[in-house]
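Residue-level listing of the chains:
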Amino acid sequence: MSVLRPLDKLPGLNTATVLLVGADDALLQRLADSMLKTDCASELRVHLARSLPLPSNVNRPRVDLLVFVINLHSKYSLQSVEKSLHHVDASFFLGKACFLATGAGRENLCSVHRNTIVRLARTYRSPVLFCDLEVEGSRAAMAQRLARMLQISAGHVPGVSAMSLLSLLRSSESPSLEDL
Amino acid sequence: MRSALGGGLGLQLELHFSAMQKTMDPYDAPESTPRQHPSCSLKEYFLAATPLQRRLESVRKQATSFVPTPPRRRIPQRSQLQEDVDPQKVAFLLHKQWTLYSLTPLYKFSYTNLKEYSRLLSAFITAEKQKGLAVEVGEDCNIKVVFSTLLGVKGTQSDPEAVLVQILSKPQLPSEDREAKALWTGWFCCVFGDGLLETVSEDFTCLPLFLANGAESNTAIIGTWFQKTFDCYFSPLAINAFNLSWMAAMWTACKMDRYVAATEFLWSVPCSPQSLDISYAIHPEDAKALWDSVHRTPGEVTQEEVDLFMDCLSSHFYRHFRIHLSATRLVRVSTSVASAHTDGKIKIICHKYLIGVLAYLTELAIFQIE
C-alpha cells in the first residue's frame, strides 16, 4: 500500500500541483475547471482522485496541496475520505492538506452534520473550508482561495510558507490540545 | 426492494471507529449545562437587560464555549403525561399525519381570551372564503372555530400549555344528532423548551411547534390570521437525514410491550431521470436487538451509537445488494413509536412516547427559529 508523501519527488519549475480527493466526480470536475480558470502566476496542475491510495504505475508530479472534498449530503463521501486519510503521510498535515465541505447551506438535504467535519479537521490539525460547489459564485471564490493556498504550499510566494499559513488559518476559538 | 433480517443477526461486522467520530451537536440536549443568565456585573452596565441583549448574551456564550463532549440525548421515558390528563383526550392526536411548522413566539397571546379568538378567527375564515377564493354556496358559512387548551402536553411546569384549534362544520339541520365534524385540526405546543423560554420576555408566549392536519388552504388562512394578530412567523419544518437517523435510533431504543409495525426506512437514490426509492423493512424485535448490542449507558443516546446503528444496517444491505446506502438520502423512518418523513410530516402511533417525540420535534423547531 503506497502512502502519499509530500517531499518524495523533485518540484517542477514554476508548477504547482493540487490533488482533489472526493467521492463525487461531478463536483470535483467542476471545482477543477474553476481552478484552472483562475488567474495565477504559476502553472497549476489539478489531479482528481476518488480515493487513495493512487495507482503506482502512473508517473505523476509531486503533490503540493491535498484537498479532501466532502459532500455533506452524502455520508458515503465522508466514509471514503476517512478511508483515504490512512494512506497519507503525516507530514502532509503540516499545512499541505485541507478539508473542503460542500452543501452546508441546504440544511434539509444534509446527512452529515457540519460539526463532524469540523472535528475531523481538528483531529488532523488542518483547516476546513465551507462552500457550495454547486453554486457558480461560491465555487469561483473557493477556487481562487485554493489557488492561492496552492501557490503558498508549493513555495511560490516569498515570505509565506505552508506552516505559517496553517497557523494563520487556525481560528482563535479552536480549543487547545487538552480539550481534544 | 425489501430486505428482512432474520433471527441471528451477524454482528461480527468490522467497523473502524476512531476517536474522530465524536461530534458536537449544536443544540443543547435537555440535560446539558443550562445557559447562564447574565451575571450581576453585566447588569450594572446595562440599566435594563432587554430580551434582545439577553439573547445576544446567550448566543455569544454558546458560540465561544465550544465544549467538545460527545452529544447525548435522553431516551424518551414511558409515560410522562401528567396525572391530571386523560389519555382518551389526547388519543385523537395519534394515528394522524401532521404537517410540521416552526413558530416564533406569539406576542400578547392570552389563555383567557380563547373564546374571543374563536370568534375572530371564525369571522376571518368566513370573510376569506367569501372573498371568492372558494366559490361554494352554503357549505363554508357553517363552520365554527374552537380554541381549547390541551392539558398535559408539555415537558416541564414552565412550558406553556398546548393550544388546540379546530375548524368544525356545524350540523346543517338542528334535528340531526351528529357531532360536528372536524374539518381541520391544528395544535401548538412546547415540550422542554427551556432554551427559548429563558430568552423571551413575559409578553411573549413560546409555542414553537405547530402541527396541522387538514386542507392546505385552511392552514394558510389560519397562519395568516395568527401572523397578523400575534406578530409571529410560521415556517415549514423539514427534517433532514441526520435528524431522521437520530429519531430512528431513539425510537428503536424505546421499550415497547407490543410492536404494531415493522421498522421501516425509505431511502431516495439520486439518479436521473427519476429518483429511485429503496425501502428497507426490519422486524422490530431484530432492530431492538441490534440497538441493545450497540447501546452502552442506559438512559442516554450518543452520536457514536446512532452512527454505529445506521452503519450496521447499511453494511448488512451492502453485503446483500452491493449498494452503499450512505450514498443515498434517508427520507422516511417508520417505527412502532412514530413515523417521520423528511418533508416535515409526522405520525405518532404510541401514546406512551408522545412527549418524547414532541420534545425532539420542539428542539428542531427551536433550532430553526434561532
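Where an unreviewed UniProt entry is consulted, chain A appears under the name Centromere protein M, with the organism given as Oryctolagus cuniculus. In its Subunit (unreviewed entry) section, the UniProt entry covering chain A states "Component of the CENPA-NAC complex, at least composed of CENPA, CENPC, CENPH, CENPM, CENPN, CENPT and CENPU. The CENPA-NAC complex interacts with the CENPA-CAD complex, composed of CENPI, CENPK, CENPL, CENPO, CENPP, CENPQ, CENPR and CENPS."

A.B. asks: Which residues make up the overall build of chain A, and what values do they have?
C.D. replies: A tally of helices and strands in chain A yields five helices and five strands. Going from the N terminus to the C terminus, chain A shows its helices and strands as β-α-β-β-α-β-α-β-α-α. Radius of gyration (C-alpha) of chain A: 16 Å, near the 16 Å computed for a compact globule of 180 residues. With the C-alpha coordinates aligned to their principal axes, the bounding extent of chain A is approximately 45 × 40 × 35 Å. Considering only residue pairs separated by 6 or more positions, chain A has 79% of its internal contacts joining residues 24 or more positions apart. For chain A, the computed accessible surface area is about 8,600 Å², with 53% contributed by carbon and sulfur atoms. In chain A, which carries 20 positive and 16 negative side-chain charges, the distance between the mean positions of the two groups comes to 3 Å.

A.B. asks: Got a sec to walk through the sheet that holds strand 4 (residues 97-102) of chain A? Specific residues and values, please.
C.D. replies: Residue and element names in this part refer to chain A. Strand order in this open sheet of five strands is 2-1-3-4-5, and the pairing throughout is parallel. With one partner strand each, in any of the chains shown, strand 2 (43-49) and strand 5 (128-131) form the two edges of the open sheet. Mean inter-strand twist for the sheet, computed between neighbouring axes without regard to direction, equals 25°. Pairing geometry for strand 1 (residues 15-21) and strand 2, over seven bridges, is parallel. Bridge assignment links Leu 20 to a residue of strand 2, and that residue is Leu 48. Its contacts with the sheet put helix 2 (residues 75-84) on strand 1, strand 3 (65-71) and strand 4, and the angle it makes with strand 3 is roughly 150°. Seen against the sheet, helix 3 (residues 114-123) touches strand 3, strand 4 and strand 5 and runs at an angle of roughly 155° to strand 5.

A.B. asks: I'd like a description of the pattern of salt bridges, backed by residues and values.
C.D. replies: The full count for this structure, using the stated rule, is 10 salt bridges over all chains. Between Arg 5 of chain A and Asp 89 of chain A there is a salt bridge, and its shortest N-O distance comes to 3.4 Å. Remark: Asp 89 of chain A occurs in the loop between helix 2 and strand 4 and Arg 5 of chain A occurs in the segment before strand 1; sequence separation between them is 84 residues. For Asp 257 of chain B, the salt bridge identified is with Lys 352 of chain B, shortest N-O distance 3.7 Å.

A.B. asks: Hey, could you go over the side chain of Ser 84 of chain A for me, with residue numbers and the actual values?
C.D. replies: All names here are of chain A. The residue Ser 84 is located in helix 2 in this model. Overall, Ser 84 belongs to the buried group, its relative accessible area being 1%. With near-sequence residues (within four places) excluded, Ser 84 lies in contact with Val 21, Ser 51, Leu 52 and Phe 68.

A.B. asks: Could you give me a rundown of the nonpolar core, with the residues and numbers involved?
C.D. replies: Residue and element names in this part refer to chain B. By size, the foremost hydrophobic cluster in this structure holds 63 residues, and its most contacted members are Trp 187, Phe 265 and Ile 346. The dominant element in this core, judged by the number of residues it contributes, is helix 6 (residues 241-253), at 10 residues. Listed in part, the 28 residues of the second largest apolar core include Phe 124, Val 165, Trp 184 and Phe 226.

A.B. asks: Would you mind going over the packing of aromatic side chains in detail, with residue names and values included?
C.D. replies: Residue and element names in this part refer to chain B. Within this structure, the stated rule accounts for 30 aromatic pairs over all chains. On the basis of an interplanar angle of 40° and a centroid distance of 5.9 Å, the ring pair of Trp 267 and Tyr 280 is categorised as tilted. Of this pair, Trp 267 sits in strand 10 (residues 263-269) while Tyr 280 sits in strand 11 (residues 276-282); the two residues are 13 residues apart in sequence, bridging distant segments of the chain. With respect to class, Trp 267 is no different from Tyr 280; both count as buried. Their ring planes at 40° and their centres at 5.2 Å tell us that Tyr 280 and Phe 317 sit as a pair that is tilted. Taken together, the positions of Tyr 280 in strand 11 and Phe 317 in helix 8 (residues 303-321) put the pair 37 residues apart, joining distant regions of the chain.

A.B. asks: Quick one: what's the story with unusual backbone geometry, residue by residue and with numbers?
C.D. replies: In this structure, the amide linkage connecting Leu 52 of chain A to the following residue, Pro 53 of chain A, adopts the cis form with an omega of 5°. Counting through the fold element by element, Pro 53 of chain A comes out in the loop between strand 2 and strand 3. Positive phi outside glycine occurs at Phe 192 of chain B, with the angle close to 60°. Along the chain, Phe 192 of chain B turns up in the loop between strand 6 (181-189) and helix 4 (194-197). Look at Asp 231 of chain B: it is not a glycine, yet its phi comes out positive at around 55°. Along the chain, the position of Asp 231 of chain B falls in the loop between helix 5 (216-230) and strand 9 (234-236). Under the relative-accessibility criterion, Asp 231 of chain B is labelled exposed at 60%.

A.B. asks: Could you give me a rundown of the pairing of strand 15 (residues 345-348) of chain B, with the residues and numbers involved?
C.D. replies: All names here are of chain B. Taking every second residue as pointing to the same face, the buried face of strand 15 carries Ile 346 and Ile 348, while none of Lys 345 and Lys 347 on the other face is buried. Note: strand 14 (residues 338-341) against strand 15, four bridges, orientation antiparallel. Looking at the pairing, Ala 338 lines up with Ile 348 of strand 15. Linking two consecutive strands that pair antiparallel, namely strand 14 and strand 15, is a turn of three residues; a positive phi of about 95° is found at Gly 344 within it.

A.B. asks: Tell me what's going on with helix 5 (residues 162-169) of chain A, and back it up with residues and numbers.
C.D. replies: All names here are of chain A. Buried within helix 5 are the following residues: Ala 162, Leu 165 and Leu 166. Each buried residue of helix 5 sits inside an arc of 105° when the element is viewed along its axis, so together they form one side. Away from its buried face, by an angle of more than 90 degrees, helix 5 presents the exposed residues Ser 167 and Leu 168. Lining the buried residues of helix 5 we find helix 4 (136-153).

Thresholds applied
- Residues numbered from 1 in each chain as written.
- Chains lettered and ligands numbered in written order.
- Predicted model: local features only at pLDDT ≥ 70, side-chain atom pairs only at ≥ 80, totals over all residues.
- Heavy atoms only, no water.
- UniProt positions renumbered as here; feature names shortened; annotations may be inferred.
- Helix = DSSP H or I, 4+ residues; strand = E, 2+ residues; numbered from the N terminus.
- Rg over C-alpha atoms; globule rule 2.2 N^0.38 Å.
- Contact = heavy atoms within 4.5 Å.
- Areas by Shrake-Rupley, 256 points an atom, 1.4 Å probe, with all protein chains shown as cover.
- Lys, Arg positive; Asp, Glu negative; His and termini not counted.
- Charge placed at Lys NZ, Arg CZ, Asp CG, Glu CD.
- Pairing = 2+ DSSP bridges.
- Axes fitted to C-alpha atoms, helices over the stretch in contact; angles between N-to-C directions.
- Salt bridge = Lys/Arg side-chain N within 4 Å of Asp/Glu carboxyl O.
- Buried < 20%, exposed > 50% of the residue type's maximum accessible area, 1.4 Å probe, protein only.
- Core = buried A, V, L, I, M, F, W, Y, C linked by side-chain atoms within 4.5 Å.
- Phe/Tyr/Trp six-rings, centres within 6.5 Å; stacked < 30°, edge-to-face > 60°.
- Arc of directions from axis to C-beta.

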